[in-house]
Amino acid sequence: MKNWRLWIGILVSVVCIYLIARGTSFHDLLMALRQVHYAFLFPAMGILFFASLVRAFRWRTLLSLCPAPGMRRMFNCVNIGYLVNHISPLRLGDVLRAFLCAHLESLSPVYVLATVAV
């Protein structure tokens, strides 16, 4: 059942990569990648992971009046919300993460959306 979702996801990813890369000069891209300071990449990834973990914990604390969802699910919802915030206008990712969490945890969408507003 989930196999078709995987293939649709791969297809969407390939189309997006094509749309992004179609006007790119690969020689210029390789030259730019040679100038990157990769020593900063892993600390930045660690800081990003830790910040997302803290945000998930903070949001889980706000939802503590009801049975609190697991940290893994909260972490995933927070990251999905921030991903959508980066690619859509009007901070739609916050609304999406509230409704996603409400749907996955069988909570009231209004209650979860109120915690996002806080």
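Report on the accompanying structure. (Residues numbered from 1 in each chain as written. Predicted model: local features only at pLDDT ≥ 70, side-chain atom pairs only at ≥ 80, totals over all residues. Heavy atoms only, no water.)

1. As for the side chain of Ser 88
Relative to the elements of secondary structure, Ser 88 occurs in the loop between helix H4 (71-87) and helix H5 (92-105). In this structure the side chain of Ser 88 is engaged in a polar contact, spanning 2.6 Å, whose partner is the backbone oxygen of Val 84. (Helix = DSSP H or I, 4+ residues; strand = E, 2+ residues; numbered from the N terminus. Polar contact = N/O pair within 3.5 Å; in protein donor to acceptor, adjacent residues only side chain to side chain.)

2. Examining the nonpolar core
Core analysis: the biggest nonpolar cluster contains 14 residues, and Ala 56, Trp 59, Leu 63, Met 74, Cys 101 and Val 112 have the highest contact counts within it. When residues of this core are assigned to their parent elements, the largest contribution, 4 residues, is made by H4. Beyond its immediate stretch of four places on either side in the chain, Cys 101 contacts Trp 59, Leu 63, Pro 69, Met 74, Cys 77 and Val 112. (Core = buried A, V, L, I, M, F, W, Y, C linked by side-chain atoms within 4.5 Å. Buried < 20%, exposed > 50% of the residue type's maximum accessible area, 1.4 Å probe, protein only. Contact = heavy atoms within 4.5 Å.)

3. Brief notes about the packing of aromatic side chains
This model, assessed by the stated rule, comprises 1 aromatic pair. Sitting over the ring of Tyr 82, Arg 55 keeps its end group 4.7 Å from the ring centre. Over the face of the ring belonging to Trp 59 we find Arg 97, whose NZ or CZ atom lies 4.7 Å from the ring centre. (Phe/Tyr/Trp six-rings, centres within 6.5 Å; stacked < 30°, edge-to-face > 60°. Lys NZ or Arg CZ within 6 Å of the ring centre and 35° of its normal.)

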